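Structural overview
Each chain is listed here by its residues.
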Amino acid sequence: MLKRAFNIEFGKLSDHSLDYIQGILQDTRITTILSLKNLSVEELDWQYKEGWNTIGALLSHIVGIETYFRIEFVEGRKLTDEENERWTPALDMGVHLPKLIIRQPVEDYVAQLTESRELMLDALTKLTHEDLIRRIDDYDDETGCNLAWVLYHMAEDEIYHRGQISMIRKLYKDR
């Protein structure tokens, strides 16, 4: 049974900062998965109004962002044309939203969330402290960012979307 851990273990990775980030990412994902309990396909694909996000679309977005961040910022490469085609709808949503309403059961989303997080956590085992603090020319023209901030931002984004998922669930139940 999936259960949150209320301690972050240190000493597993090459740097305590990486242990801390890994702990944050693990707890964020477990909490997201636990929040999806008993979701029906209808609830996953329900829209409050046309053009609004669905729970399923937000889950696809969470996986897409993590995949993009892992490839772009952790692995340090650009998406291939095939990867770009696969992930653009989930990354950009908006006009792509109809492509994300796919009548998929919650178990499939949980499997995707689990797999993407496992790939990210595995990628973190290969990093050093220098990788975390290296300047990345992105987000801010003047200061750039670093991988530590990118990973924090990824967790922050997931938590934000989990709040949206909670709101959509309440709207669905109240309809």
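Now for a quick tour of the structure. One numbering rule holds for all chains: residues counted from 1, following each sequence as written. Side-chain atom pairs in this predicted model are given and counted only at pLDDT of 80 or more, local residue features only at pLDDT of at least 70, and totals for whole chains, interfaces and linings cover all residues. Side-chain calculation: all heavy atoms of the structure are included, whereas hydrogens and water are not.

Remarks on the overall build of the protein chain
Going by this rule: In this text, helices come from DSSP runs of H or I with a minimum length of four residues, and strands from runs of E with a minimum of two, each type numbered from the N-terminal end. Atoms counted for the radius of gyration: C-alpha only. Globule rule: 2.2 Å times residue count to the power 0.38. A simple rule labels every residue: compare its accessible area, found with a 1.4 Å probe on the protein chains alone, to the largest value its type can have, and call it buried under 20%, exposed over 50%, or partly exposed in between. Throughout, a contact is declared for two residues whenever any of their heavy atoms are within 4.5 Å. Residue-level accessible areas treat just the shown protein chains as cover; the underlying method is Shrake-Rupley with a 1.4 Å probe. Positive charge is attributed to Lys and Arg, negative charge to Asp and Glu, and no charge count is given to His or to the chain ends. Taken as the charge centre is NZ of Lys, CZ of Arg, CG of Asp or CD of Glu, depending on the residue.
Assigned secondary structure in the protein chain consists of seven helices and two strands. The helix and strand sequence of the protein chain, counted from the amino end, reads α-α-α-α-α-α-β-β-α. For 175 residues, the compact-globule estimate of 2.2 N^0.38 gives 16 Å, and the protein chain sits close to it at 17 Å. Based on the C-alpha atoms only, the size of the protein chain along its principal axes is roughly 50 × 35 × 30 Å. Evaluated residue by residue, the protein chain yields a buried proportion of 46% over its 175 residues. Across the protein chain, contacts joining residues at least 24 apart in sequence account for 69% of those joining residues at least 6 apart. Carbon and sulfur atoms provide 52% of the accessible area of the protein chain, an area that totals close to 10,100 Å². Distance from the positive charge centre (21 side chains) to the negative charge centre (32 side chains) of the protein chain: 7 Å.

What about the layout of surface pockets?
Going by this rule: Throughout, the protein atoms alone are placed on a 1 Å grid, and a set of points is a cavity if a 1.4 Å probe fits but cannot get out or a pocket if it is open with protein on both sides within 12 Å along at least five of seven lines; lining residues have an atom within 4 Å of a point. Grid points are joined across faces, edges and corners, and a volume is the space filled by probe spheres set on the points. Basically, the charged four are Asp, Glu, Lys and Arg, the nonpolar ten are Ala, Val, Leu, Ile, Met, Phe, Trp, Tyr, Cys and Pro, and anything else, Gly included, counts as polar.
One number sums up the size of the largest pocket: a volume of about 210 Å³. Lining the largest pocket we find R4, A5, N7, I8, E9, K12, D19, Q22, G23, Q26, D27 and I30. Across the lining of the largest pocket, the residue classes break down as three nonpolar, four polar and five charged. In this structure, the second largest pocket encloses a volume near 150 Å³. L2, Q26, R29, I30, I33, T114, R117, E118 and L121 together form the lining of the second largest pocket. Elements that contribute at least two residues to the lining of the second largest pocket include exactly α1 (16-34) and α5 (106-124). Tallied by class, the residues present in the lining of the second largest pocket amount to four nonpolar, two polar and three charged.

Observations regarding unusual backbone geometry
Backbone geometry places M93, a non-glycine residue, at a positive phi of 50°. Tracing the backbone through its elements, the reader meets M93 in the loop between α4 (81-92) and α5.

Regarding the pattern of salt bridges
Where we set the bar: Note on definitions: salt bridges are taken to be side-chain nitrogens of Lys or Arg within 4 Å of carboxyl oxygens of Asp or Glu.
In this structure the tally under the stated criterion is 14 salt bridges. Between R4 and D27 there is a salt bridge, with the nearest N and O atoms lying 2.8 Å from each other. Here D27 lies in helix α1 and R4 lies in the segment before α1, a separation of 23 residues in the sequence. In this structure R4 comes out as partly exposed when scored by relative accessible area, which is 32%. Owing to a relative accessible area of 22%, D27 belongs among the partly exposed residues under this scheme. Note that E83 and R77 form a salt bridge whose closest N and O atoms lie 2.9 Å from each other. You can call R77 partly exposed: its relative accessible area is 31%. Bridged by salt links that share partners, the residues R29, E66, R117 and E158 form one connected network.

Description of the packing of aromatic side chains
For any pair of aromatic rings, geometry is given as the distance between the ring centres together with the angle between the planes. Basically, it comes down to this: Here the aromatic set is Phe, Tyr and Trp, taking the six-membered ring for Trp, and pairing holds for ring centres within 6.5 Å; pairs whose planes are under 30 degrees apart are stacked, those over 60 apart are edge-to-face, and all others are tilted.
Throughout the structure, instances matching the rule amount to eight aromatic pairs. Residues W46 and Y172 carry aromatic rings whose centres are separated by 5.5 Å and whose planes lie at 75° to one another, so their mutual orientation is edge-to-face. With a gap of 126 residues between them, W46 in the loop between α2 (41-45) and α3 (55-74) and Y172 in helix α7 (residues 147-174) connect regions that are remote in the sequence. A centroid spacing of 6.1 Å and a plane angle of 85° characterise the contact between Y68 and F73, whose relative ring orientation is edge-to-face.

Details of α7
For the record, the criterion: In this analysis, the expected span of each helix is defined as 1.5 Å times one less than the number of residues it contains. The term polar contact refers here to a pair of N or O atoms within 3.5 Å; inside protein, the definition further demands a hydrogen-donor-capable atom paired with an acceptor-capable atom, and it admits residues adjacent in sequence only when both atoms are side-chain atoms.
Between its terminal C-alpha atoms α7 stretches 41 Å, which fits the 40 Å expected from 28 residues at 1.5 Å a residue. The N-cap residue of α7 is N146: its side-chain oxygen and the backbone nitrogen of A148 are 3.3 Å apart.

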